[in-house]
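Report on the structure
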Amino acid sequence: MDAPTTTSADNGTSGGSGEGGWFTPRRQPEPPAGGEQETTEGSRLAALRPVGRPAMNGGEAAQKRISPVAEAGPADVGTTEARADTANASPSDTPTPPQPDPQPRVPEQRSAPSQPASPDAVRVRRTMAEVAPIADKVTSYFYALLFVRHPDLRPMFPAAMDTQRDRLLKALLTAAEHIDNTDVLVAYLQNLGRGHRKYGTRPEHYPAVGECLIGSLSRYASAVWDEETEAAWVRTYTTISQIMIDAAAADELLAPAWWHAEVVSHDLRTSDVAVITVRPDQPYPFLAGQYTSLETPWWPRIWRHYSFASAPRSDGLLSFHVKAVPAGWVSNALVQHARPGDIIRLGPPAGSMTVDHTTDSGLLCLGGGTGIAPIKALVEDVAEHGERRPVEVFYGARTDHDLYDIDTMLRLQQIHPWLAVRPIVDQQAHVQLPDAIREYGPWNEFDAYLSGPPGMIRSGVHTLRDIGIPSERIRHDSVEELVAAVN
Ligand SMILES: NC(=O)C1=CN([C@@H]2O[C@H](COP(=O)(O)OP(=O)(O)OC[C@H]3O[C@@H](n4cnc5c(N)ncnc54)[C@H](O)[C@@H]3O)[C@@H](O)[C@H]2O)C=CC1
């Protein structure tokens, strides 16, 4: 089962996705004649054309360009951005360790009056509100436009577009809703831009997407669509695409667009959960608590997210916990069909649910189901840093049988006196996983880490705030939460 960081038909977590996916071509289309994109919209959309930039200082440049919007300040959302220490170096002959991607996190529920939204944000949100009830039509029409106008792009998308459609709208919602919230937007889009490298996305692809997006919105939001609204969308989309392009360009200097990895072991822990270990074809630097995107040979061009189930290892192997679920194409293939020798592809690491080694606060970790995977990686990370800070893991599962990794966790507990592992089995406990932590504590000296199904994350964040852990000390990855919270 995918990590909740992603939109996924596999698991129904619909996580909004760091891979959002407005556009996922695998090869580069012919550049438009004369460098101009001929469209029925003609020159009015010329401003959609983002600039291909030198691959340096992408984030900074993006920040600068977005600053007029940022100056307007956050409108109605706050954010609990958490940035982790990146000082834990990898061997010098490997690429630079990745910066944890500061993923959007659950915004604080603000009661204080917020600053007014920028005029563009007001128009963008008005459009979004107008099309929300017919989101599916907007998305279908968008892809119809894209493939009619740019038929050469169609083979670059997955054969089945259902998931892609879902992702489009989630990514759009997230970006548009946060156009005033620079930190959240930039971090989200940089991640999206980097993630698009594995599809072969080029700067010149973005105008095609922007034109079709605006073509679709103008059709379905006709009641609120006017010149100013269109101009607001053009500016918004230009900002969005430029941040993605810059992030991709900067990343090109640091890392490959994707990695091939060979399955070296496949351990079926239950009938539907497998622990899969792979060997990347070149060094794969990442941080414990991060996740990656993964493509199998059985479902080309369909990517799903999984968290690394171990901290970086000296042998370079990576492992994932995968749960097969109904209609979960990639997860089912990985659990039922993957065998040693199979080759998969990995996208870049992402996510900021990483350990802050600059503090000695305790770690309060909640892992639900296969969400225990990154929690185990965090425990290993603390152990490797030789820190003796308290780590309390609450491991939730529906039944005893579903505690498929409890032996590993208990073994770690035996080795490390600072670690406590508490299985919480729904069938036996009188409370669900997040509420179980109320019976322990106090937790005021702890940072909290949550990983599991979206419902668990939601109620976990609520519980943690309720017991006095401030938002900025609560870490998890789920863009969906961000979207849900602002809606
Ligand atoms: N495979 C991976 O690398 C990762 C997977 N995940 C996510 O973790 C989830 C795992 O799914 P399953 O193993 O089927 O877990 P599950 O649905 O069986 O839930 C596991 C436990 O989480 C708690 N829980 C579930 N829903 C809750 C709710 N609404 N409120 C409070 N507590 C709740 C319960 O204690 C439950 O036993 C998936 O959504 C997956 O996307 C998250 C991070 C990494």
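What comes next is a walk through the structure. (Residues numbered from 1 in each chain as written. Predicted model: local features only at pLDDT ≥ 70, side-chain atom pairs only at ≥ 80, totals over all residues. Heavy atoms only, no water.)

Relative to the assigned elements, A121 resides in helix α2 (residues 119-131). Looking at A121, the relative accessible area reads 0%, which means it is buried. Ignoring sequence-local partners within four residues, the contact set of A121 consists of I179 and D180. (Helix = DSSP H or I, 4+ residues; strand = E, 2+ residues; numbered from the N terminus. Buried < 20%, exposed > 50% of the residue type's maximum accessible area, 1.4 Å probe, protein only. Contact = heavy atoms within 4.5 Å.)

For the rest of this paragraph, the subject is the pairing of strand β4 (residues 303-307). With respect to burial, β4 is a largely interior element, five of its five residues being buried. Side chains of β4 alternate between two faces, with W303, H305 and S307 and R304 and Y306 buried alike. Bridging between strand β3 (residues 291-295) and β4 involves five bridges; their strand directions are antiparallel. Counterpart to T292 in the pairing with β4 is Y306. (Pairing = 2+ DSSP bridges.)

Attention now goes to the packing of helix α9 (residues 372-384) against helix α10 (residues 406-415). Remark: α9 packs on α10, axes separated minimally by 11 Å, with the N-to-C direction vectors making an angle of 20 degrees. By the angle between their directions, the pair α9 and α10 is classed as roughly parallel. Crossing angle aside, the handedness with which α9 passes α10 is left-handed. On α10, the residues touching I372, K376 and V379 of α9 are T408, M409 and L412. Looking at the contact of α9 with α10 residue by residue, the classes come out as four nonpolar, one polar and one charged. (Axes fitted to C-alpha atoms, helices over the stretch in contact; angles between N-to-C directions. Parallel < 35°, antiparallel > 145°, perpendicular 65-115°, else oblique. Left-handed = near helix turned anticlockwise from the far one by under 90°. Nonpolar A, V, L, I, M, F, W, Y, C, P; charged D, E, K, R; others polar.)

With respect to burial, strand β2 (residues 273-280) is a largely interior element, seven of its eight residues being buried. Here strand β1 (residues 259-268) pairs with β2 via seven bridges, running antiparallel. Its bridge partner being in β2, L268 is matched across the sheet by A274. Connecting β1 to the antiparallel partner β2 that follows it, the hairpin turn spans four residues. As judged from the six bridges shared by β2 and strand β5 (residues 318-323), these two strands associate in the antiparallel manner. Among the inter-strand pairings, I276 is bridged to a residue of β5, identified as F320.

In a regular helix each residue adds 1.5 Å, so 13 residues correspond to 18 Å; α9 covers 18 Å between its end C-alpha atoms and thus fits that length. The buried fraction of α9 is high, at eleven of 13 residues. Among the residues of α9, I372, A373, P374, I375, K376, A377, L378, V379, E380, D381 and V382 are the ones counted as buried. Backbone geometry just downstream of α9 places G386 in the positive-phi region, at approximately 65 degrees. (Expected span 1.5 Å × (residues − 1).)

One finds F142, Y143, L146, F157, L189, L217 and W233 to be the most contacted residues of the largest nonpolar core, which totals 40 residues. Mapped onto this core, the elements with two or more residues apiece are α2, α3 (135-149), α4 (162-177), α5 (182-195), α6 (206-220) and α7 (227-252). Beyond its immediate sequence surroundings of up to four residues, L217 is in contact with T127, V131, V138, S222, W225 and W233. Counting 24 residues, the second-largest nonpolar core is a separate cluster that includes M353, V382, L403 and V425. (Core = buried A, V, L, I, M, F, W, Y, C linked by side-chain atoms within 4.5 Å.)

On the basis of which strands lie adjacent, the open sheet formed by six strands has the order β4-β3-β6-β1-β2-β5 and antiparallel pairing. Looking at which strands have only one partner, the edges of the open sheet turn out to be β4 and β5. Neighbour to neighbour, the strand axes of the sheet diverge by 40 degrees on average, direction disregarded.

Where α3 meets α6, the axes come as close as 9 Å, and the angle between the chain directions of the two elements is 135 degrees. Comparing their axes, α6 and α3 come out oblique. Here the hand of the crossing between α3 and α6 comes out right-handed. Packed against α3, whose contacting residues are K137, V138, Y141, F142, L145, L146 and R149, the element α6 presents A208, V209, E211, C212, L213, G215, S216, L217, R219 and Y220 at the interface. Taken together, the residues of the contact of α3 with α6 sort by class into eleven nonpolar, two polar and four charged.

All right, on to the pattern of salt bridges then. Enumeration over the complete set of coordinates arrives at twelve salt bridges. The closest approach of N and O atoms between E380 and K376, which form a salt bridge, is 3.0 Å. Linking E380 with K376, this pair stays in helix α9, spanning four residues, or about one helical turn. The pair formed by E380 and K376 is uniform in burial state, with each residue classed as buried. (Salt bridge = Lys/Arg side-chain N within 4 Å of Asp/Glu carboxyl O.)

Further remarks concern the packing of aromatic side chains. Under the counting rule described, the total for this entry stands at 13 aromatic pairs. Centroid distance Y199 to W303: 6.2 Å. Interplanar angle 85 degrees. Geometry classified as edge-to-face. A residue pair is termed long-range when its members are at least 10 positions apart, and Y199 in the loop between α5 and α6 and W303 in strand β4 qualify at 104 residues. Taken as a pair, Y199 and W303 share a single burial class, namely buried. By the ring-pair criterion, three or more aromatic residues cluster together here, those being W259, Y284, F286, F308 and F320. R219 extends its terminal NZ or CZ atom over the ring of Y141, reaching a point 4.4 Å from the ring centre. Lying across the ring of W258, R345 places its NZ or CZ 4.5 Å from the centre. (Phe/Tyr/Trp six-rings, centres within 6.5 Å; stacked < 30°, edge-to-face > 60°. Lys NZ or Arg CZ within 6 Å of the ring centre and 35° of its normal.)

Okay, the sheet that holds strand β7 (residues 362-368) next. Taken in spatial order, the five strands make up an open sheet running β9-β8-β7-β10-β11, and their pairing is parallel. The open sheet is flanked by β9 (419-425) and β11 (474-475), the only strands paired with a single partner. When strand β10 (residues 446-451) meets β11, the two strands line up parallel, connected through two bridges. The residue bridging A448 from the neighbouring strand is I474, located in β11. Contacts from α10 reach β8 (391-397) and β9 within the one sheet, and its direction differs from that of β9 by about 155 degrees. Helix α12 (residues 454-466) rests against β7, β10 and β11 of the sheet, and its axis sits at about 165 degrees to β10.

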